[in-house]
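# Survey of secondary and tertiary structure
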Amino acid sequence: MATTLYVIFFGIWIIVLAVFTIYTVYAIHHGAPFLPTRKKHITTMFDLANLQSGEHLMDLGSGDGRIVLLAAKRGVRATGIEINPILVAMSRLKATLLQRKTAVFTRQDLWKTNLGDVDVLTLFFIKPFMEELQTKILKEMKPGSRVVSHIFTFTNWQPTKKHGTISLYIVPSQQKDKQV
């Protein structure tokens, strides 16, 4: 009986590991791998963006949910977009355990996510996709919205503020400014 339980547990573990690996490879080819952001960097991101209670923050590629959960703790409506179902399940469990009712995690491809009602967008994205993401942001986000990027910067868009490896961008109000 004990041997059967070990075999079942090992089988489940192998499946979870395989799913995680497949989605990690997919994420690398479509945006960025999961790399946790330190709490001190998250605080700096929120401070640079002047994150206010009642706003809507979205984290593209939310990973284990730490940015979304900390934003929800501040009274923000926070959405995490993540392609990896294992990370989404972990994030939802943490939100439930921490009673963060304004934290929502959606398993979705970020390229299919509408950014129209987002006040603050946080991201950690690799260089080859930054230009494509910039186009999406400028097309979908409302003027005055804030974009906070950790480590990677946009090629053709100057940050409004910068602190170490964290850059703040403000979505411009005029179409001609979008071609900056």
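Now for a quick tour of the structure. (Residues numbered from 1 in each chain as written. Predicted model: local features only at pLDDT ≥ 70, side-chain atom pairs only at ≥ 80, totals over all residues. Heavy atoms only, no water.)

## Quick word on the overall build of the protein chain
Selection criterion: Think of it this way: any DSSP run of H or I at least four residues long counts as a helix, any run of E at least two long counts as a strand, and we number them from the N terminus. Categorising residues by exposure relies on relative accessible area from a 1.4 Å probe, with only protein chains included: less than 20% of the type maximum marks a residue as buried, more than 50% marks it as exposed, and the intermediate range marks it as partly exposed. We call two residues contacting when some pair of their heavy atoms lies within 4.5 Å.
Looking only at helices and strands, one finds five helices and seven strands in the protein chain. Its helices and strands taken in sequence order, the protein chain reads α-α-β-α-β-α-β-β-α-β-β-β from the N to the C terminus. Within the protein chain, buried positions represent 42% of all 180 residues. Contacts in the protein chain between residues far apart in sequence, at least 24 positions, make up 60% of those at least 6 positions apart.

## Some thoughts on the packing of aromatic side chains
Worth spelling out the cut-off: Only Phe, Tyr and Trp rings are paired, with Trp represented by its six-membered ring, and only when their centres lie within 6.5 Å; those with planes under 30 degrees apart are stacked, over 60 edge-to-face, the remainder tilted.
What the rule picks out here adds up to six aromatic pairs. Measuring from ring centre to ring centre gives 5.8 Å for Trp111 and Phe125, while their planes differ by 65°; the resulting arrangement is edge-to-face. With Trp111 in the loop between strand E3 (103-107) and strand E4 (120-123) and Phe125 in the loop between E4 and helix H5 (130-140), this pair connects stretches of sequence that are 14 residues apart. Aromatic rings pair up to connect Trp111, Phe125 and Phe129 into one cluster.

## Details of the side chain of Ser91
The condition that has to hold: Under the rule applied, a polar contact is a pair of N or O atoms within 3.5 Å (in protein, one hydrogen donor and one hydrogen acceptor; residues adjacent in sequence only if both atoms are side-chain atoms).
As for its position among the elements, Ser91 is in helix H4 (residues 85-97). In this structure Ser91 comes out as buried when scored by relative accessible area, which is 0%. Of the polar contacts made by the side chain of Ser91, one reaches the backbone oxygen of Asp64; its length is 3.2 Å. The contacts of Ser91, once residues within four sequence positions are left out, are Gly63, Asp64, Gly65 and Phe105.

## Observations regarding the pattern of salt bridges
To be explicit about the condition: Throughout this description, the term salt bridge denotes a Lys or Arg side-chain nitrogen within 4 Å of a carboxyl oxygen of Asp or Glu.
This model, assessed by the stated rule, comprises seven salt bridges. A salt bridge links Asp47 to Arg74; its shortest N-O distance comes to 3.9 Å. Placement of Asp47 in helix H2 (residues 39-49) and of Arg74 in the loop between helix H3 (66-73) and strand E2 (77-82) is noted, with a sequence separation of 27 residues between them. Residue classification places Arg74 among the partly exposed positions, given a relative accessible area of 36%.

## Quick look at H5
Within an α-helix, residues lying three or four positions from one another point in the same direction, as the helix has 3.6 residues per turn. Taken together, the buried positions of H5 are Met130, Leu133, Gln134, Lys136, Ile137 and Leu138. Structurally, H5 contributes buried residues whose contacts are with strand E1 (56-60), E4 and strand E5 (146-150).

## Considering the pairing of E2
Looking down a regular strand, the side chains alternate between one sheet face and the other. Under the convention used in this document: Pairing between strands requires that DSSP locate at least two bridges from one strand to the other. Seen with its strands pointing away from the viewer, a crossover is right-handed when the path leading from the first strand over the helix to the second is clockwise.
With five of six residues buried, E2 is to be regarded as a mostly interior element. Here five bridges tie E1 to E2, and the two strands are oriented parallel to one another. Its bridge partner lying in E2, Met58 is registered against Thr79. Read as a crossover between parallel neighbours, the route from E1 over H3 to E2 is right-handed. Bridging between E2 and E3 involves five bridges; their strand directions are parallel.

## Brief notes about the packing of H2 against H3
Just so we agree on the cut-off: Between N-to-C directions, angles cover 0 to 180 degrees, with each direction set by a line fitted to C-alpha atoms, over the stretch in contact for helices. Comment on the angle field: the value is read as roughly parallel under 35 degrees, roughly antiparallel over 145, roughly perpendicular from 65 to 115, and oblique elsewhere. In this scheme, a crossing is called left-handed if the near helix is turned counterclockwise away from the far one by less than a right angle; it is called right-handed if the turn is clockwise. Nonpolar residues are Ala, Val, Leu, Ile, Met, Phe, Trp, Tyr, Cys and Pro. Charged residues are Asp, Glu, Lys and Arg, and all others, Gly as well, are polar.
One way to put it is that H2 packs onto H3 with a least axis distance of 11 Å and a crossing angle of 55°. If you check the angle between H2 and H3, you find them oblique. Here H2 runs over H3; the crossing is right-handed. Each of Lys39, Ile42, Met45 and Phe46 in H2 lies in contact with H3, whose residues at this interface are Arg66, Ile67, Leu70 and Ala71. Its residues placed into classes, the contact of H2 with H3 shows six nonpolar, no polar and two charged.

## Here's the deal with the nonpolar core
One recurring pattern in soluble globular proteins: nonpolar side chains tend to sit buried together. Quick reminder of the rule: Among buried residues, those of type Ala, Val, Leu, Ile, Met, Phe, Trp, Tyr and Cys that are joined through side-chain atoms within 4.5 Å constitute a nonpolar core.
With 22 residues, the main nonpolar core has Phe46, Leu51, Leu57, Ala71, Ala103, Phe105 and Val148 as its most contacted residues. Where this core is concerned, the elements lending two or more residues are H2, H3, H4, E3 and strand E7 (166-170). Those residues in contact with Phe105 that sit more than four places away from it in its chain are Ser62, Gly65, Val68, Leu69, Gly80, Val88, Ser91, Arg92 and Ala95. Met58, Leu121, Phe154 and Tyr169 belong to the second largest nonpolar core, which has 21 residues in total.

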